[in-house]
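Summary of the model geometry
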Amino acid sequence: MSSKRAIRRRSCSRKIRHDTEAAAREHIGQLHKRRGWQGYMNAYRCSFCGGWHVGHGGRP
Ligand SMILES: [Zn+2]
């Protein structure tokens, strides 16, 4: 049980957390502006911390 929680926490804490979806999307926009196209990225709600993270590729 506790090991499952540890895996979730690790994948979450390594990411930048945004308070809102808008903030996460703005972060994506800035990445594309500064470094060029980074591939498809999306913002998703994190069920662990309740914040928003930016993910690469995958689901819209
Ligand atoms: Zn999180």
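Structure: above.
Figured I'd write up the structure that's included with this text. (Residues numbered from 1 in each chain as written. Predicted model: local features only at pLDDT ≥ 70, side-chain atom pairs only at ≥ 80, totals over all residues. Heavy atoms only, no water.)

**Digging into the coordination of the zinc ion**
Every protein donor of the zinc ion is accounted for by C12 (SG), C46 (SG), C49 (SG) and H53 (NE2), and the metal-donor separations fall at 2.1 to 2.4 Å. Seen from the zinc ion, its four donor atoms lie at angles of 105 to 116 degrees, and the figure they make is tetrahedral. All donor residues of the zinc ion come from one chain, and their arrangement in sequence is C-x33-C-x2-C-x3-H. You can see C12 sitting in helix α1 (residues 2-13) and its partner C46 sitting in the loop between β1 (41-45) and β2 (52-56), a full 34 residues away along the chain. The same class applies to C12 as to C46, namely buried. (Donors = N, O, S within 2.8 Å, 3.2 Å for Na, K, Ca; no water. Tetrahedral: all angles 85-135°; square planar, octahedral: opposite > 155°, others 65-115°. Helix = DSSP H or I, 4+ residues; strand = E, 2+ residues; numbered from the N terminus. Buried < 20%, exposed > 50% of the residue type's maximum accessible area, 1.4 Å probe, protein only.)

**A word on the layout of surface pockets**
Space inside the largest pocket adds up to approximately 170 Å³. Taken together, K15, I16, H18, H27, L31, R35, Q38, M41, H53, V54 and H56 form the lining of the largest pocket. Contributing elements (two or more residues each) for the lining of the largest pocket: α2 (21-35) and β2. Here the lining of the largest pocket is built from residues that sort into four nonpolar, five polar and two charged. (1 Å grid on protein atoms, 1.4 Å probe; cavity = no way out; pocket = protein on both sides within 12 Å on 5 of 7 lines; lining within 4 Å. Points joined across faces, edges and corners; volume = space filled by probe spheres on them. Nonpolar A, V, L, I, M, F, W, Y, C, P; charged D, E, K, R; others polar.)

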